[in-house]
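Coordinates in review
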Amino acid sequence: MFKTFANAWRIEEIRKKILFTLFIVLMYRVGNAIPVPYVNVSYLQEYFRSLENTVLGLYNVMSGGAFSSATIFALSIQPYINSSIIIQLLCVAIPALERMSKDEGEEGRKKIASITRYTTVGIALLQGFAYYVLIRNNSLLTADGSGVWAAVVIVMTFTAGSALIMWLGEQITEFGIGNGISIILFASIVSRFPTAVITSISNIANGSLAWWSALLMLLLAVIMIVLIVFVNDAERRIPVQYSKRVVGRKMYGGQSTHLPMKVNMSGVMPVIFAQSIVSLPATIAQLAGWNGPFWSYLQQTNTWVYVIFYALLIVFFGYFYSTIQFNPIEISNNLRKNGGFIPGYRPGKPTSQFIQKVLNKITLFGSLYLCIIAAAPYIVSIYSNVARNIGLSIGGTSIIIVVGVALETVQALESQMLMRHYKGFLD
């Protein structure tokens, strides 16, 4: 990876793209340090220390700590991610949107992107208002922040910040390296790593954290990274044969190829969905002020009940997301239209059934892989306090995102260098 960056830095055009990407990331980090007016930041941060195991704690990790500081980028890219998921699901459920995304080509994709942007602003407005209500109800505003004007300023600042992040991500995608939204999410998560490491060293020094526990967590993180890199590019290749056709005096087709099916085609989405749902009871209990034994137990993450329920939700969303992304019937029909077939299976229903069978198997493997990565820190925390001391910032979800974005960025750099290599060769 480092060799790829070094080779890319020598090419002037790619070097400008890298510098532009770093400049946008710097702007994003500066925005994360500017708090909105009328909010008592010190009280808010103290309040968020009790919300680490809730959905709000997950939002805080994804925003790089900006959510607990009520900065102008507090909502981070969550509104954009939510709107993208909603529009993607609607494209499957609403035929008009499906035709727009598939049949209208580039123009249809631009319309879908425009709809996603407007939906992002709407979701950001709702989330900004909800966050303001949370701050107001817990008396976390300053003395001059109780009026209507203060409410308008806070909500509109959150909304504008989210829209600005969306624009910054699009600028990286168009003029920089890699996917802009992924790069911003990567920067948010990585920014919390130094704090987590310093906290762990301090806990080891004062005796609240055993050195062997920290070493075990570090070893576990290395194993998880190796596993993620191994599975990220793993795929099941179904052989496909195209029949020969005679057109005029020429013969076309007859070649053999394969249909690639990634083992983890759903990415980190099942983990994010599952973590959001499994954190809902703790979130409700915290916001409602329920302090009974039952609600206190639900707020604990170092229990086998939490881990099992978390793993089952990951498997469920893994199958749900793969079903949305991959349609065996459509793949089978496309193969038949183009004169292709899977050796040993008749075109049509037998082919779609075979593809569905393979899809179920690799989805199960991919879901179990996500379960291992996501649940490993919680299993370790059952037997030691290391996970609680280090926190969610280096949890399974964060590692999957960070490693995935790093690999994606390296591939983008390699493709950029490959394009310029071919250009020089043809000249």
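Because the structure is predicted, anything quoted here is derived from the model rather than measured. (Residues numbered from 1 in each chain as written. Predicted model: local features only at pLDDT ≥ 70, side-chain atom pairs only at ≥ 80, totals over all residues. Heavy atoms only, no water.)

1. Structural notes on the overall build of the protein chain
Across its full length, the protein chain holds 19 helices and five strands. By residue count, 43% of the 427 residues in the protein chain fall in the buried class. Put simply, of all contacts in the protein chain between residues at least 6 apart along the chain, 75% involve residues at least 24 apart. (Helix = DSSP H or I, 4+ residues; strand = E, 2+ residues; numbered from the N terminus. Buried < 20%, exposed > 50% of the residue type's maximum accessible area, 1.4 Å probe, protein only. Contact = heavy atoms within 4.5 Å.)

2. Details of the environment of I165
Looking at the element boundaries, I165 is found in helix 8 (residues 148–175). In the structure, I165 is positioned 90 residues away from L75 in sequence and 9.3 Å away in space, judged by C-alpha atoms. Beyond its immediate chain neighbours, meaning those up to four positions away, I165 contacts Y28, F73, S76, I77 and I184.

3. Concerning the sheet that holds strand 4 (residues 256–262)
Spatially, 4-1-5 is the arrangement adopted by the three strands of the open sheet, whose pairing is antiparallel. Two strands close off the open sheet at either side, each with one partner strand: strand 4 and strand 5 (340–341). Sheet analysis places strand 1 (residues 235–242) next to strand 4, joined by seven bridges and oriented antiparallel. Among the inter-strand pairings, P239 is bridged to a residue of strand 4, identified as H258. (Pairing = 2+ DSSP bridges.)

4. A word on the pattern of salt bridges
Tallied over the entire structure, the rule returns three salt bridges. The salt bridge partner of K16 is E12, with a shortest N-O separation of 3.6 Å. Taken together, the residues span about one helical turn, with K16 and E12 both in helix 2 (residues 12–31) at a distance of four residues. Exposure remark for E12: the relative accessible area of 48% places this residue in the partly exposed category. (Salt bridge = Lys/Arg side-chain N within 4 Å of Asp/Glu carboxyl O.)

5. Describing the nonpolar core
Core analysis: the largest hydrophobic core is formed by 53 residues, its most contacted members being V271, Y310 and I314. Counting residues per element, this core draws most heavily on helix 17 (residues 349–383), at nine residues. With residues near it in sequence (within four places) discarded, I314 still touches P270, V271, A274, S367, L370, C371 and A374. Among the nonpolar cores identified, the runner-up in size contains 22 residues, and V39, A70, A74 and F158 belong to it. (Core = buried A, V, L, I, M, F, W, Y, C linked by side-chain atoms within 4.5 Å.)

6. Some points on helix 15 (residues 304–325)
With 22 residues, helix 15 ought to run about 32 Å at 1.5 Å a step, and its terminal C-alpha atoms sit 31 Å apart, in line with that. Of all the positions in helix 15, only Y306, V307, Y310, L313, I314, F317, G318, Y321 and S322 are classed as buried. Projection of helix 15 onto a plane perpendicular to its axis shows the buried side chains occupying an angular sector of 160°, all on one side. The exposed set on the far side of helix 15, more than 90 degrees from its buried face, consists of V305, I308, L312 and T323. (Expected span 1.5 Å × (residues − 1). Arc of directions from axis to C-beta.)

7. Remarks on the packing of aromatic side chains
Within the structure shown, the criterion is met by 11 aromatic pairs. Ring geometry for F48 against Y131: centres 6.4 Å apart, planes inclined by 90°, an arrangement best described as edge-to-face. Here Y131 lies in helix 7 (residues 105–137) and F48 lies in helix 3 (residues 41–48), a separation of 83 residues in the sequence. Classification of F48 by relative accessible area gives buried; the value is 5%. A network of ring pairs unites the aromatic residues Y47, F48, F67, Y131 and F158 as a single cluster. In this structure, R15 packs its charged tip against the face of W9, placed 6.0 Å from the ring centre. (Phe/Tyr/Trp six-rings, centres within 6.5 Å; stacked < 30°, edge-to-face > 60°. Lys NZ or Arg CZ within 6 Å of the ring centre and 35° of its normal.)

Keep in mind that these numbers describe shape and distance, not what the molecule does.
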